[in-house]
Structures are given as C-alpha cells and as structure tokens.
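Chain by chain, the residues:
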Amino acid sequence: MENEKKVLLSGIQPSGELHLGNYLGAIKNWADLSQDFDCYWFMADLHTITVRQVPAELRRRTLTQIATYIACGLDPERNTIFVQSHIPAHAQLGWVLQCYTMFGELSRMTQFKDKSAKHADNINAGLFTYPSLMAADILLYQPDYVPVGADQKQHVEICRDIANRFNGIYGEVFKVPEPYIPKAGARVRSLNQPDTKMSKSLPEGCVFLLEKPEDIMRKFKRAVTDSDRENPVRYDLENKPGVANLMQIYSAVTGKTFETIEREFAGQGYGAFKPAVGEAVIETLRPIREETERLLADKGYLESVYRAGAERAGKIAWRTLSKVYKKVGFLAP
Ligand code: TYM
C-alpha cells in the first residue's frame, strides 16, 4: 500500500550549476531508489542565501535544477518535487529547532568552518544555524532515509541528535532518519586537485551536468593523475588519488568493478584511460542535458510540477509542524 512505503527525502542548494558530484553522490541514487520509496526531493533555496546570491541567477538556477531532477529520471508523477521556500513550515520548524540545537554542536560543523573561512566577510547567523534548518527540512517529512554524498553525513547526524533530543523531552514526535550514502560516487574529487572534493568553487576540476561535451573532454584529458612511470591504471586511493577518483567516476557511470577496469586498461596507461572516462561521462550526461533543455522550454509544465509538489509537501509538513507547536505549548490558532 502507498502509505506503507518507506520515505526518502533530500535536497540540493541551487547555489551553483549542478555538477558530477551532485549527480553521482545524490541525484543518480535518488532516481535508482525512487521506484520503491515515497520520495521528496527539493531545491534548498532558503539555504543558499547564507552566501550572497545574484537574485535573477538564483531564480534561473532553481528552475533549471527542477528540470534537471526530472531529466535525471525523477518522474513528477511518482516523486514530490518542490521548492523549499514555497513551504513556510521549513522556516517555522527551523526556528523551533534552533532552540534545541546547541552552540557547541554547531561550532563543530565542517561546512560552517569551511564556508566561514571562504567568506570571512560574511559569517552570518544563518550560516551558523544552517544545520537546524536542514534538520527541519528533513524531520518535517518523517523520512526513513536521507540519501546524500559523504560530505553531508555530519549534517544528517546532527539532525538525528536534534530529533532524539526533542523526542526525549516530548515523546516520539520525529522519526529519526538514517543517512544513505552510495557505494560508488559518495565523494567525487576535483579532477585537477584530487585531494579536495569536486565543487563549483573549483570550476576547472569540476564537470557541470549541462556543460558542452568538448569542455568535459578537455577537463578529463587534463585531469591530474600521477607520475608513476608506467602509468598503470590501478586502484590505490592513498598513493594515486587522481587515478582512484577517475576509476570511481568510471565505475559509477558504467557499473564496472575496479578489477574489470584494471583489466580493460592493462598495458594502456593514462593516455587511453582519461579520454575513455571522459567519453563515458559525456554519454551519461548527454540525454540529461538534452532533456533539461527541452523541459526548460516549457516553463508552464515546470510550474505545474513545483506547484503540485508544494501542495503535496505542504500538507505533510503542516501536519508535523502542528504537532510540534502543540508539544512545545503554543496556543492553537
Ligand atoms: P549540496 O547542495 O552542497 O550538495 C547536494 C548533494 O550533492 C552531494 N555532493 C557530492 N557528492 C559526492 N561528491 C561530491 N563532490 C559532492 N558534492 C556535493 C552532497 O553530499 C549532497 O547530497 N546541506 C545540503 C543541502 C540540504 C539537504 C537538506 C540535503 C539542505 N537541506 C536536507 C539533504 C536533506 C547541501 O549543502 O548539499
């Protein structure tokens, strides 16, 4: 029965163009899982303004992100796709949960430390309390699992701590969700700086989902490997992080194991391997780019998708928020 399905929820900030890390760490798995779960996927636009945004760009990217979710295989008939800022309950529960989140725990968050180092002139309160809002995003929908890349695991864990703390005081209000991290692609690294994660802030090492094939190929050909004289394609994360990263990407898009890949490129070296990975990625992304472009030409359809999503999501969110308001002692309106 529909309501017995387990619930999944996740979101991405439309703060930059979507990239291969977002796809392999998150969206690809959402699409794989969406057959068997009751799914909520959203554009985390409230979160983006913790860093300054250009308003028109933010709007454009939010709409493009909706189109890309659908193009990646998230069927709006079977998945609830919505925009975070369209559901006031996120901000409302976010406030409540800030009062159940400790200063000390927020101070330990890696993303906060990274972003405050990067944006030293704008270390605002929202950047600091970001995890409380993220906990609200999640707990409103009572999901069983939150499928994210490895870098978001810490945020799902603080969400669990907040939920347990709240439940400890008021009884079982929230389901305590588990992070769901994919086996392949959980931590895609920058192509030209394989010691850091792939992110939009390092564009030369970052493959964007809607990028032109020739640009993608150029980035793969320039990918940093190592100076091992024989150029063997061998999985060794510690000593050959660049090659390991390319192998992970190749494995994630083709489904091949590391052993198969090593055999496939035995005796061939990086000169053959790098463009082969580029080609596999280009072929994976081609239909996604084409379908995204097609969908973007039909704004009316995209609007109907996010309106229907907001209506479905809003009902569930309101149910949880009302329960919370009652528990903490707010007078019913
Ligand atoms: P965000 O927007 O930075 O990233 C979105 C998703 O992409 C994954 N990801 C990666 N995976 C593998 N390799 C990479 N290089 C890589 N870069 C990004 C992230 O792990 C994530 O799954 N706080 C969240 C957004 C958010 C959210 C939520 C997520 C807000 N509320 C509620 C889940 C549930 C964020 O900043 O992700």
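Residues numbered from 1 in each chain as written. Predicted model: local features only at pLDDT ≥ 70, side-chain atom pairs only at ≥ 80, totals over all residues. Heavy atoms only, no water.

K.L.:
Tell me about the overall build of the protein chain, and please be specific about residues and values.
P.N.:
Secondary structure assignment for the protein chain yields 13 helices and 5 strands. Taken over 333 residues, the protein chain has a buried fraction of 53%. Across the protein chain, contacts joining residues at least 24 apart in sequence account for 76% of those joining residues at least 6 apart. Element-wise, carbon and sulfur atoms account for 52% of the exposed surface of the protein chain, whose accessible area totals about 15900 Å². Taken as two groups, the 43 positive and 41 negative side-chain charges of the protein chain have centres that lie 3 Å from each other. (Helix = DSSP H or I, 4+ residues; strand = E, 2+ residues; numbered from the N terminus. Buried < 20%, exposed > 50% of the residue type's maximum accessible area, 1.4 Å probe, protein only. Contact = heavy atoms within 4.5 Å. Areas by Shrake-Rupley, 256 points an atom, 1.4 Å probe, with all protein chains shown as cover. Lys, Arg positive; Asp, Glu negative; His and termini not counted. Charge placed at Lys NZ, Arg CZ, Asp CG, Glu CD.)

K.L.:
I'd like a description of helix α8 (residues 153-170), backed by residues and values.
P.N.:
Here α8 contains 18 residues, and its C-alpha end-to-end distance of 26 Å stays within 8% of the 26 Å for a straight helix at 1.5 Å per residue. Turning to α8, its buried residues are His155, Val156, Ile158, Cys159, Ile162, Ala163, Phe166 and Asn167. (Expected span 1.5 Å × (residues − 1).)

K.L.:
An account of the nonpolar core is requested, with residue identities and associated values reported.
P.N.:
One recurring pattern in soluble globular proteins is that nonpolar side chains are buried together. Ranked by internal contacts, the top residues of the largest apolar core, which has 58 residues, are Ile66, Phe220 and Val281. With 9 residues, helix α12 (residues 270-296) is the single largest residue contributor to this core. The residues that make up this core include at least three from each of domain 1 (6-186 + 299-328) and domain 2 (203-293). With residues near it in sequence (within four places) discarded, Val281 still touches Leu20, Val207, Ile216, Phe220, Ile249 and Val253. Residues Ala44, Val146, Ile158 and Val324 belong to the second largest nonpolar core, which totals 40 residues. (Core = buried A, V, L, I, M, F, W, Y, C linked by side-chain atoms within 4.5 Å. Domains from an automatic or database assignment.)

K.L.:
Summarise the side chain of Ser15; cite the residues concerned and give the values.
P.N.:
You can see Ser15 is positioned in the loop between β1 (7-12) and α1 (20-33). Note on Ser15: relative accessible area 18%, which makes it buried. Of note is the side chain of Ser15, whose polar atom sits 3.3 Å from the side chain of Lys200. Beyond its immediate chain neighbours, meaning those up to four positions away, Ser15 contacts Thr48, Gln53, Arg61 and Lys200. (Polar contact = N/O pair within 3.5 Å; in protein donor to acceptor, adjacent residues only side chain to side chain.)

K.L.:
How would you summarise the site of the ligand if you had to cite specific residues and measurements?
P.N.:
Lining the immediate surroundings of the ligand are 28 residues, of which Gln13, Tyr130, Asp137, Asp151 and Val188 lie closest. In this structure, an oxygen atom belonging to the ligand sits 2.9 Å away from a main-chain N or O atom of Gly149. With respect to the ligand, the side chain of Asp151 contributes an N or O atom lying 2.4 Å from an oxygen atom. Considered on its own, the ligand offers 710 Å² of accessible surface; in the complex 95% of this is hidden by protein. Taken together, the elements giving at least two residues each to the shell around the ligand come down to β1, α1 and α7 (125-139). For the shell around the ligand, the class distribution of residues is 12 nonpolar, 12 polar and 4 charged. (Near = heavy atom within 4 Å. Nonpolar A, V, L, I, M, F, W, Y, C, P; charged D, E, K, R; others polar.)

K.L.:
How would you sum up the packing of helix α4 (residues 89-98) against helix α13 (residues 299-328)? Please name residues and give values.
P.N.:
Where α4 contacts α13, the two axes come as close as 10 Å, and the packing angle between them is 30 degrees. Viewed along their axes, α4 and α13 adopt a mutual orientation that is roughly parallel. Handedness of the α4/α13 crossing: left-handed. The residues of α13 that touch α4, namely those facing Ala89, Gln92, Leu93 and Val96, are Ala317, Leu321, Val324, Tyr325 and Val328. Of the residues assigned to the contact of α4 with α13, the class counts are 8 nonpolar, 1 polar and no charged. (Axes fitted to C-alpha atoms, helices over the stretch in contact; angles between N-to-C directions. Parallel < 35°, antiparallel > 145°, perpendicular 65-115°, else oblique. Left-handed = near helix turned anticlockwise from the far one by under 90°.)

K.L.:
Describe the packing of aromatic side chains, naming the residues involved and giving the relevant values.
P.N.:
In the structure shown here, the tally under the stated rule is 18 aromatic pairs. Judged by centre distance (6.0 Å) and plane angle (80 degrees), the rings of Tyr250 and Phe273 are edge-to-face. Here Tyr250, found in helix α10 (residues 241-254), pairs with Phe273, found in helix α12; they are 23 residues apart in sequence, far enough to count as distant. For the pair shown, Tyr250 and Phe273 are each scored as buried. Among the aromatic residues, ring-to-ring pairing joins Tyr40, Phe42, Phe82 and Tyr141 into one connected group. (Phe/Tyr/Trp six-rings, centres within 6.5 Å; stacked < 30°, edge-to-face > 60°.)

K.L.:
An account of the domain arrangement of the protein chain is requested, with residue identities and associated values reported.
P.N.:
Each domain of the protein chain was delimited in the assignment, giving domain 1 (6-186 + 299-328) and domain 2 (203-293). Relative to domain 2, the C-alpha centre of domain 1 lies at a distance of 30 Å. On the domain 2 side, the residues contacting the 13 residues of domain 1 number 14 residues. The largest contributions to the domain 1 side of the interface with domain 2 come from Leu20, Tyr23 and Ala71, which together make up 39% of the buried area. Put simply, domain 1 and domain 2 have 2 residue pairs in polar contact (both at pLDDT 80 or more) between them. Secondary-structure elements contributing two or more residues to the side of domain 1 that touches domain 2 are α1 and α3 (55-71). Residues of the side of domain 1 that touches domain 2, tallied by class, amount to 8 nonpolar, 3 polar and 2 charged. (Buried area = accessible area lost by both parts, 1.4 Å probe.)

K.L.:
Break down unusual backbone geometry for me, with residues and values.
P.N.:
Phi at Gln142 is positive, roughly 50 degrees, even though this residue is not glycine. Assignment of secondary structure puts Gln142 in the loop between α7 and β4 (145-147).

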